[in-house]
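Examination of the molecular architecture
Below are the chains, spelled out letter by letter.
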Amino acid sequence: MPELPEVETIRRVLARKLAGRTILAVDLRVPKLAASRLHRSLHSQARSWGQRVRGRKIMGLRRRAKYLIFDLDRGKLLVHLGMTGQLFAAAPGERPARGLPPLPDPHTHLILDLSGGLRLYYRDIRKFGRLRLLETAVEEARALEALGPEPLARGFTPAKLAEGLRNKKAPLKALLLNQKVVAGLGNIYVDEALFRAGLAPTARGGGLTRAHISRLRTAVRGVLREALRYRGTTLSDYFDPETRRGEFQNRLRVYGRAGQPCRQCGRPIVKAVVAQRGTHWCRHCQQDPCTGR
DNA sequence: CTCGGCCTGCTC
DNA sequence: GAGCAGGCCGAG
């Protein structure tokens, strides 16, 4: 569910609320979310995980790709929201917005009681998310080492993007979803970025000229910045920690618009499976530079 | 690199 | 009842 703009929006909301608070109690209800590997006694693992987390203080909150990194006084808590993960911050007993169940509900898998009368709830219908406690800087580096450049940082230069696409015969769709090529894009923003760049998702990465790559880089950054301004995309599950929806769904040009007219040329947006993911694009406005179609 | 698996819920 | 969903990982 959440891609870079949603995770960054969550980070911004939570950073001010959580900084300086101590974790007073930990209730981990679905141990596998915190398990590094499947383990026989998940329950004892959950208990010890909670014991280790309890008592630590949240110093700050960072983001890398789609990971949230809680900087603790000792170690870090790494949170990945998977497809349907949500974080909500509320006073105990406080009701979330209409349309959301009272918390905790059966999909609430972790509850952190924080000092100063605040609770942090992790909710995840499909349980694809991950929670990891990292004790050392080495562990943190290892956990994140496979990630490519942050698209909004200085390091994401045309040369860096070119490096990720060079000699690749995989379609652009697959390459941009690959977190090693660029970190933080998911299915929505890949489709949107390719539309902006005028490139077909089926085009091979290796076939792009410098001009195409530069255009693609600009498109990736542009769509992420705009989505950030609108606080992400809410199709159904995404809410920020204060239960606000994103607004970028109103500005999507191709994602979820199969059969509807392209906003640029009026021809219908097509949807097909590319790189095993539902993919939306305009056959007229987006071209494959190799085949010309 | 592509596929299947991990989960649950919603739509057709 | 089947197929699909905003993600990722490990197996072939």
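About the cut-offs
Residues numbered from 1 in each chain as written. Chains lettered and ligands numbered in written order. Predicted model: local features only at pLDDT ≥ 70, side-chain atom pairs only at ≥ 80, totals over all residues. Heavy atoms only, no water. Axes fitted to C-alpha atoms, helices over the stretch in contact; angles between N-to-C directions. Helix = DSSP H or I, 4+ residues; strand = E, 2+ residues; numbered from the N terminus. Parallel < 35°, antiparallel > 145°, perpendicular 65-115°, else oblique. Left-handed = near helix turned anticlockwise from the far one by under 90°. Contact = heavy atoms within 4.5 Å. Nonpolar A, V, L, I, M, F, W, Y, C, P; charged D, E, K, R; others polar. Pairing = 2+ DSSP bridges. Near = heavy atom within 4 Å. Polar contact = N/O pair within 3.5 Å; in protein donor to acceptor, adjacent residues only side chain to side chain.

Focus on the packing of helix α6 (residues 187-197) against helix α7 (residues 210-229)
One can describe the packing of α6 onto α7 by two numbers: an axis separation of 8 Å at closest approach and a directional angle of 125°. By the angle class used here, α6 and α7 are oblique. For the pair α6 and α7, the crossing hand works out as right-handed. Only R215, L216, A219, V220, G222, V223, L224, E226 and A227 of α7 make contact with α6, whose side of the interface consists of Y189, E192, A193, L194, R196 and A197. Residues belonging to the contact of α6 with α7 are distributed by class as follows: 10 nonpolar, one polar and four charged.

What to know about the sheet that holds strand β3 (residues 67-72)
Taking strand neighbours across the sheet as the criterion, the four strands line up as β2-β3-β4-β8 in an open arrangement whose pairing is antiparallel. Only two strands of the sheet have a single neighbouring strand rather than two, namely β2 (58-64) and β8 (130-134). The mean inter-strand angle of the sheet, taken between neighbouring strand axes irrespective of direction, is 20°. Bridge count between strand β4 (residues 76-80) and β8: five bridges; the pairing is antiparallel. Across the sheet, H80 pairs through a bridge with R130, a residue of β8. Packing against the sheet, helix α1 (residues 4-18) makes contact with β2 and β3, and its axis sits at approximately 170° to β2.

Remarks on the protein's contact with DNA strand B
Around DNA strand B, the surrounding shell consists of K32, H107, I125, R126, K127, F128, K168 and Q276. Take the atoms of DNA strand B that sit within 4 Å of the protein: sugar and phosphate atoms are 64% of them. R126 has a polar side-chain atom sitting 2.8 Å from a base oxygen of DNA strand B. Here the surface near DNA strand B is composed, by residue class, of two nonpolar, two polar and four charged.

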